[in-house]
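Next come the chains, spelled out residue by residue.
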Amino acid sequence: MKLNELTIKRAREGLRNKNFSSVELTRACLEQIKKHNKNLNAFITVTEKKALEDAKNADQHINNLAIGQFNNYPLLGIPIAHKDLFSTKGIKTTAASKVLEDYIPAYDATVVKKLKDAGAVIVGKTNLDAWAHGSSGENSDFGPAKNPWNTEYVPGGSSSGSAVSVASDMCLAATGTDTGGSIRLPASFNNIVGLKPTYGRVSRYGIIAMASSLDSIGHFTKTVEDSALFFDITSGQDIFDATTLPNPTESFTKNLEKGIKGMRIGFPKILKENSQELEYLGYFEIAKRLIQKLGAELIPIDIKHEECAIACYYIIQPSEVSSNLARYDGIRFGNNRENFGDEAKRRIMLGTYTLSAGYYDAYYKKAMQVRTLIKKDFDEAFKNVDALISPVSPTPPWKLGEKISDPLKMYLSDVFTVTANLAGIPGLALPIGFTKNRLPVGMQILGPHFSEAKLFQIGHAYEQATEWYSQKPNL
Amino acid sequence: MNYKPVIGLEVHVELKTKSKMFCSCKADYFGEKPNTNTCPVCLGLPGALPVPNKKAIEGCVMIGLALNCKINNFSKFDRKNYFYPDLPKGYQISQYDQPFCTNGYVYLGGETNRHLPSGTKKRIRIRRVHMEEDTAKLIHQGQDSLIDFNRSGVPLVEIVTEPDFESAKEVVEYLKKLQQIVRYLNVSDADMEKGNMRLEPNISLMINDKGLRIKKTLPKYKVEVKNINSFRFAEKAIEYEIKRQTEILSEGKTPVQETRGWDEDKQKTVTQRIKEEAQDYRYFPEPDIPPIRFSDSDIASIECIMPELPDVKMQRFTNIYRLSAYDAEILTRDRKIAEYFDETTVIGFHHEIKRKRIANYIINRKIDINKILPAELIQIIIKDNQKSSLDEDKLSKVIAQILIENQKAVTDYKNGKVQAIGFLIGKVKQHFPKADTRQIKNVLEKSLK
């Protein structure tokens, strides 16, 4: 196995035992980037020089550390990538928009700093739909990222580059943001694991805001265990983000091996209306059966107001977008507003409209009321079940260009994911197989607020039984 | 036709907290080099988030309590969206429909209001007191407009009254009172020249029907006046506006709804911006800051740390200490002097020195309270007492001599011309220039019996 194909867990073992160095590991990732980024367009910026320097420092650190201190640096020497929405001090941060083409932040996002402090080596900044607006990755002003399983297909968005970089072994993990599915969707399109945490569990400070009340800061990894390891570092209260909450003290990896025997797991009673391909739904049925086989009880659940979710989401989200993008006026930094792409302009106009006097009550206020109902639905559901499972996307990955001229169709691909953002609950996306055309399929496990440890427990059990992560794209 | 002014006020007070409203940058920008007290938050850089300053919120609530407002148990911040180069985020974090404080009032004394019998107080209703952030400062230099972000994000409290003022004098009295209150609370220097207290009166006139028909509806227009940075300017600007609007109305026209600015050089207000329709700020709840809840005990504990306010002090000084309203007003003008007086009276009590005497010393002798400790002042008073009582014998002798020399005045006095005593006091004073007039008067009166 090549070094860049390792999981975080394995790479750490290798580094600790000095089987290889961080420089070797980092170089393997950088070589993979060099070989395939031209084709896949996963990275906007590759920080080769800095990455090798950091890896060298990490190696020195590993050599100097006393035994036992190694665990204080849970990512020491591990190459990772950041979605280009995360402020990185001294490294260009574009949001994949021409507006910020040359913008270099003066500070690190809290998550970036936490990961640095944990010893991580940053190999670069990944591609995305500009400003995180999109479900396919095609809205990037620097060209779309491509699906490594078939480059004629979209990798899913908006965290497209982060998902592709992990799926194609250009790094061991990558950060992302999930406002309406932007981590879970690309994770499921790339056969990797994506976590959308509980709202407020990971600091948003320093990450370019899309829709502030919905933005969740998460990550992509190759396995569920890696996801839990990573989450141990990124989660927790931040004095710079008033919406964050304190963490429990135990590790999120604690319950991993406990299995799911006796758990009550819900699934949506009605799916067919939302799903466009029957064949595709079959994969979810198989996943359900496996969950049952692993000892959990399956319970049909009805989220009553789910049908309003997309409508509700596409009012709240653009409203907040319209306000959050106001600072990009080109006066103090960045280029002027003419550089905004169509999708950003569309959302600015939508949001400006829904917040206007005379329309606020009919749109924004109403949507917030519906949001409360959706939250209540989930609270009710979780009285009865430990977690919910559902498909991530109503369809498998689609071809590049297929939905780009039909924004509404594109918006509908978020139909299964936006509910978690509206309710603020966590969701873990993980692979459940491949279509006939060998395109990845995923499902998501949703739980009550702060139930990440349980989601990892369920996800790990499922992953151990299926080992989809061992499948690699043919690049 | 007779017109009655209808004036409402918006006052902004910058709080003197250590740090800014939503970041840890220094809030005191006065005299600082431009753009040195800034950070990603107050520069509105991508990804930066606001974290509210607890001390500032406490200051806002104190102002609300001092103005007899209701403190709301549930409150939130909102975004006020508009574009201006001094607003780096493209929105100001403010409060819209659920401010910290609502429905208060203050009383103005009767003196400034001709329509009310003296002693009657006029009630000015306070609509709301809310918290927001200051904008950056624009400096126009020739062709260039420069932006100084040191002021960006400084805590700002906005105090809005109902349109209850009827004259410029009332407005000035209110402003002085408000300034005194925030200074008492020690939450702001409220210095108009430094810009940490700013006001925007809106002025219109309605027809005064002299009680024939009471019109409850407000005029259809209002004129907002900006660029007022002293109490004197406020008075002049409002008076000018009343005159200007009266002239327009007398011609049968309606003044234009607009924002005008006071031009001190020309001594008049000039058009700044004509508002054709109300600007739509697209307010919505600030998603970056969770709503703020105050329990009744939270409010009570803020109330506990508030100092005694000028009105209450004034009442105590007149009703309990039996000082004249005139003395009490002077002593309560500044919290430091009032507290100095209080302290001195406590020490004076043990030496049987009357409060009135202490008040006289502080007011008439212009005691420097920063240099003379209350106990030292008491010592000075005791010494003066001893001096004057030592001289009593001498005083009696001199008075006897003067009474002989000024028979006419003595006769006048005895015939009921009481004011003749003033002449005699003057004569005595020539011998004892430093003596207490009252003491002289007492001895004189005794001798004249």
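What you see as residue numbers is a count from 1 along each chain, following the sequence as written. Chain labels run from A onward and ligand labels from 1 onward, assigned in the order the entries are written. It should be noted that, the model being predicted, local features are given only for residues of pLDDT at least 70 and side-chain atom pairs only at 80 or more, the latter also being counted only at that level, while totals for whole chains, interfaces and linings use all residues. Side-chain measures were taken over the full set of non-hydrogen atoms in the model, leaving aside hydrogen atoms and water.

## Details of the side chain of A:Arg12
Residue and element names in this part refer to chain A. By definition, any uninterrupted DSSP run of H or I lasting at least four residues is a helix, any uninterrupted run of E lasting at least two residues is a strand, and each is numbered from the N terminus. Mapped onto the fold, Arg-12 is located in helix H1 (residues 8-16). Between buried and exposed lies partly exposed: a residue is buried under 20% and exposed over 50% of the maximum accessible area for its type, with that area taken using a 1.4 Å probe on protein chains only. Two residue types count as positive, namely Lys and Arg, and two as negative, namely Asp and Glu; His and chain ends fall outside the count. Throughout this description, the term salt bridge denotes a Lys or Arg side-chain nitrogen within 4 Å of a carboxyl oxygen of Asp or Glu. Despite being buried, Arg-12 has no salt bridge partner; Glu-13 is the closest side chain of opposite charge, sitting 8.3 Å away. Whenever two N or O atoms come within 3.5 Å, that pair is a polar contact, provided that in protein one can donate a hydrogen and the other can accept it, and provided that, for residues adjacent in sequence, both atoms are side-chain atoms. Side-chain polar atoms of Arg-12 contact the side chain of Asn-71, separated by 3.4 Å. Every residue pair with non-hydrogen atoms within 4.5 Å of one another is taken to be in contact. Apart from residues no more than four positions distant in its own chain, Arg-12 is found in contact with Phe-70, Asn-71, Tyr-73, Pro-74, Leu-75, Leu-76 and Ile-78.

## What to know about helix H10 (residues 342-355) of chain A
Spanning 14 residues, H10(A) covers 20 Å between terminal C-alpha atoms, matching the ideal 20 Å at 1.5 Å per step. When we look at burial in H10(A), the residues that qualify are A:Glu343, A:Ala344, A:Arg347, A:Gly351, A:Thr354 and A:Leu355. Angular distribution of buried residues about the axis of H10(A) spans 100°; they occupy a single face of the element. Exposed residues on H10(A) whose side chains face more than 90 degrees from its buried face are A:Asp342 and A:Met349. Each element contacted by the buried residues of H10(A) is listed here: helix H9 (309-324), helix H11 (361-384) and helix H12 (407-412) of chain A together with strand S15 (284-285) of chain B. To estimate the expected span of a helix, count its residues, drop one, and scale the result by 1.5 Å. Each C-beta atom gives one direction from the helix axis, and the arc is the one those directions make.

## So, the sheet that holds strand S6 (residues 216-221) of chain A
All names here are of chain A. Pairing between strands is defined by DSSP: at least two bridges between them are needed. The sheet built from 11 strands is open, its strands ordered S1-S3-S2-S4-S6-S5-S10-S11-S9-S7-S8 with mixed pairing. Two strands close off the open sheet at either side, each with one partner strand: strand S1 (43-46) and strand S8 (297-301). When strand polarity is set aside, the average angle formed by the axes of neighbouring strands in this sheet is 30°. Bridge count between strand S5 (residues 193-196) and S6: 3 bridges; the pairing is antiparallel. Residue pairing across strands places Gly-194 opposite Phe-220, the latter belonging to S6. Lines are fitted to the C-alpha atoms to define the axes, a helix being fitted only along its stretch in contact, and any angle between axes, read from their N-to-C directions, falls within 0 to 180 degrees. Sheet contacts for helix H4 (residues 110-117): strand S2 (79-83), strand S3 (121-126), strand S4 (173-178) and S6; angle to S2, the most-contacted strand, approximately 175°. Lying over the sheet, helix H14 (residues 452-466) contacts S5, strand S7 (264-268), strand S9 (387-391), strand S10 (427-434) and strand S11 (440-446), oriented at roughly 10° with respect to S10.

## Some words on the confidence of the model for chain B
Residues and elements named next belong to chain B. One number per residue, pLDDT, summarises how confident the predictor is, and it ranges from 0 to 100. This prediction gives chain B a mean pLDDT of 90; 94% of its residues lie at or above 70. pLDDT under 50 marks residues 110-114. Its contacts with residues more than four places away, or in other chains, come to 7 contacts. At the level of chain-chain contacts, confidence expressed as ipTM amounts to 0.95, with global pTM at 0.90.

## Points about the interface of chain B and chain A
Across the contact, 31 residues belong to chain B and 33 residues belong to chain A. Between chain B and chain A, a total of about 2,500 Å² is buried, with carbon and sulfur atoms accounting for 59% of that surface. When the area that chain B buries against chain A is broken down by residue, the three leading residues are B:Pro46, B:Leu49 and B:Arg282, summing to 24%. Along the contact surface separating chain B from chain A lie 1 salt bridge. Counting across the chain B and chain A interface gives 14 residue pairs in polar contact (both at pLDDT 80 or more). Those elements giving two or more residues to the side of chain B that touches chain A turn out to be strand S4 (78-81) and S15 of chain B. When grouped by side-chain class, the residues that make up the side of chain B that touches chain A number 22 nonpolar, 4 polar and 5 charged. Here the quantity called buried area is the accessible surface, traced with a 1.4 Å probe, that two parts lose on coming together, added over both. Classification convention: Asp, Glu, Lys, Arg as charged; Ala, Val, Leu, Ile, Met, Phe, Trp, Tyr, Cys, Pro as nonpolar; all other residues, Gly among them, as polar.

## With respect to the packing of helix H10 (residues 392-405) of chain B against helix H13 (residues 437-448) of chain B
Residues and elements named next belong to chain B. Contact pair H10 / H13: the axes reach a minimum separation of 10 Å and the direction vectors enclose 55°. Judged on the interaxial angle alone, H13 and H10 are oblique. Our pair here, H10 against H13, has a crossing hand that is right-handed. Counted together, Glu-392, Leu-395, Ser-396, Ile-399 and Leu-403 of H10 and Gln-439, Ile-440, Val-443, Leu-444, Ser-447 and Leu-448 of H13 form the full contact between these two elements. Each angle gets one of four labels, with under 35 degrees taken as roughly parallel, over 145 as roughly antiparallel, 65 to 115 as roughly perpendicular, and the rest as oblique. By convention, the crossing between two helices is left-handed when the near helix turns anticlockwise from the far helix through less than a right angle, and right-handed when the turn is clockwise.

## Some remarks on the pattern of salt bridges
One pass over the structure, following the stated rule, counts 59 salt bridges over all chains. As a salt-bridge pair, A:Asp178 and A:Arg184 come within 2.9 Å of each other at their nearest N and O atoms. In this structure A:Arg184 comes out as buried when scored by relative accessible area, which is 0%. B:Lys76 serves as the salt-bridge partner of B:Asp78, at 2.5 Å between the closest nitrogen and oxygen. The exposure class of B:Asp78 is buried, given its relative accessible area of 1%.

## Digging into the environment of B:Glu241
Residue and element names in this part refer to chain B. Tracing the backbone through its elements, the reader meets Glu-241 in helix H3 (residues 231-250). Overall, Glu-241 belongs to the buried group, its relative accessible area being 0%. Distance from Glu-241 to Gly-153, taken between C-alpha atoms, is 33 Å for residues 88 residues apart in sequence. For Glu-241, the residues in contact, after removing those within four places along its chain, are Ile-203, Val-223, Val-225, Arg-260 and Thr-269.

## Here we look at helix H11 (residues 407-414) of chain B
Residue and element names in this part refer to chain B. Those residues of H11 that fall on the buried side of the exposure criterion are Ala-409, Val-410, Asp-412 and Tyr-413. With its buried residues spanning 160° around the axis, H11 presents them on a single face. In this structure, H11 carries Lys-408 and Lys-414 as exposed residues pointing more than 90 degrees from its buried face. Contacts made by the buried residues of H11 are with H10, helix H12 (420-431) and H13. Of the residues flanking the end of H11, it is Gly-416, one or two places downstream, whose phi is positive at about 105°.

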